[in-house]
Amino acid sequence: MSLHDNAVLALKDYEDQHELRAVYLDHLAAHPDAMWKSCGAGHLTASALVIDPEHGRVLLTLHKKLRMWLQMGGHCEPGDTSLERAALREATEESGIEGLTLLAGGPVQLDRHAIPAPCHWHLDVQYVALAPSGSVEAISEESLDLRWFSYDEAAAMGDGSVVRLVERGRAALHR
C-alpha cells in the first residue's frame, strides 16, 4: 500500500473534525503527490506530541525556523510506509528518545496551517507518542531548544494548535 493510500484510509477512519477531514480527503483525491513537499498546492505532514503521562508533562521543541514551541513533526519521506510511522520517526528524531510508542486509536487532531511560498499549506496529521519511563531527551539539529513542560505550562507556551493538541492528547490518554 502506498503512503498516499494509507493516508486516505487513516483519514477515513478518523471520526472527528468532519469538515477539515473532508478538506484533507479532497486534497488527497485531487493531488497524487499530496504526501510530498513538492506538492505546491499543499502537502500532508505528520507530527506527534510526546507525552510523559507518569509525570504529567509534554516535550516541546523550539522550532529553528519558526522560533515557536511546537510538537515534533515534519514532512513525510520516501521510506515512510504510513502516517503513523512518519509521525513516530519524526518524534524519535527530534526528541532523541528511543522507544516512543504511539497512542492507539490513530490521530488525535488535524491542523491545517499556511506556510510560505512556494507551497501554501501544511495539512498536519497529529498523533500522541508516549515516552517510556525514565526517558532522556536529546536536542536535534532541527531545534533551538527542547524542553519538558507541564500540561498547563505547555498551554501557555504553545500556539492555539499546540493548546488544542495537548487537550486532545490528554483526553485520548483517558479513553
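Residues numbered from 1 in each chain as written. Predicted model: local features only at pLDDT ≥ 70, side-chain atom pairs only at ≥ 80, totals over all residues. Heavy atoms only, no water.

**Student:** So what's going on with the nonpolar core? Which residues, and what values?
**Tutor:** Where a protein is soluble and globular, its nonpolar side chains tend to be buried together. Judged by nonpolar contacts, the single largest core of 32 residues is most densely connected at Leu11, Leu28, Met35, Leu44, Val50, Leu83 and Val125. Looking at this core, the elements with two or more residues in it are helix H1 (3-13), helix H2 (18-30), strand S1 (43-52), helix H3 (83-95), strand S7 (121-130) and strand S8 (143-150). The greatest single-element share of this core, amounting to five residues, is contributed by H1. With sequence-adjacent residues up to four places away left out, Leu44 is seen in contact with Ala7, Leu11, Tyr24, His27, Leu28, Ala34, Met35, Cys76, Leu83, Leu123 and Val125. (Core = buried A, V, L, I, M, F, W, Y, C linked by side-chain atoms within 4.5 Å. Buried < 20%, exposed > 50% of the residue type's maximum accessible area, 1.4 Å probe, protein only. Helix = DSSP H or I, 4+ residues; strand = E, 2+ residues; numbered from the N terminus. Contact = heavy atoms within 4.5 Å.)

**Student:** How would you explain the pattern of salt bridges if you had to name every residue and give the values?
**Tutor:** In the structure shown here, the tally under the stated rule is eight salt bridges. Between Asp145 and Arg147 there is a salt bridge; the shortest N-O distance is 2.6 Å. According to the relative accessible area criterion, Asp145 is partly exposed, its value standing at 23%. Judged by relative accessible area, which is 36%, Arg147 ranks as partly exposed. In this structure, a network of salt bridges that share partners links the residues Glu77, Asp80, Arg89, Glu90 and Glu93. (Salt bridge = Lys/Arg side-chain N within 4 Å of Asp/Glu carboxyl O.)

**Student:** I'd like to hear about the packing of aromatic side chains, residue by residue, with values.
**Tutor:** With the rule as written, the count across this model stands at one aromatic pair. Ring plane angle 80 degrees and centroid distance 5.0 Å describe the contact between Trp69 and Phe149, whose orientation is recorded as edge-to-face. Within this pair, whereas Trp69 is found in strand S3 (residues 69-70), its partner Phe149 is found in strand S8, the two being separated by 80 residues in sequence. Side by side, Trp69 and Phe149 carry an identical accessibility label, which is buried. The ring of Trp148 carries the charged tip of Arg57 above its face, separated from the ring centre by 4.1 Å. (Phe/Tyr/Trp six-rings, centres within 6.5 Å; stacked < 30°, edge-to-face > 60°. Lys NZ or Arg CZ within 6 Å of the ring centre and 35° of its normal.)

**Student:** Tell me about unusual backbone geometry, residues and numbers included.
**Tutor:** In this structure, Gln17 is a non-glycine residue whose phi angle is positive, near 50 degrees. Along the polypeptide, Gln17 turns up in the loop between H1 and H2. Gln17 gets classed as buried once you look at its relative accessible area, which sits at 18%. Positioned with a positive phi, Arg67 is a non-glycine residue whose angle comes to about 55 degrees. Along the chain, Arg67 turns up in the loop between strand S2 (57-63) and S3.

**Student:** Any chance you could break down the packing of H1 against H2 for me, citing the residues and the numbers?
**Tutor:** Where H1 meets H2, the closest approach of the two axes is 10 Å, and the angle between their N-to-C directions is 160 degrees. Relative to H2, H1 is oriented roughly antiparallel. In this structure, the crossing between H1 and H2 has a hand that is left-handed. Along the contact surface, H1 presents His4, Ala7, Val8, Leu11 and Lys12, while H2 presents Arg21, Tyr24, Leu25 and Leu28. (Axes fitted to C-alpha atoms, helices over the stretch in contact; angles between N-to-C directions. Parallel < 35°, antiparallel > 145°, perpendicular 65-115°, else oblique. Left-handed = near helix turned anticlockwise from the far one by under 90°.)

**Student:** Before we move on, can you summarise the pairing of strand S6 (residues 109-114) with the specific residues and values?
**Tutor:** Looking down a regular strand, the side chains alternate between one sheet face and the other. Where S6 lies against S7, six bridges are found, and the strand directions are antiparallel. When the sheet's bridge partners are listed, Arg112 is paired in S7 with Leu123. Linking two consecutive strands that pair antiparallel, namely S6 and S7, is a turn of six residues. (Pairing = 2+ DSSP bridges.)

**Student:** So what's going on with the confidence of the model for the protein chain? Which residues, and what values?
**Tutor:** When pLDDT is averaged along the protein chain, the result is 94, and 100% of the positions lie at 70 or above. Per-element mean pLDDT across the protein chain ranges from 90 in helix H4 (residues 151-157) up to 98 in H2. (pLDDT = per-residue confidence, 0-100.)

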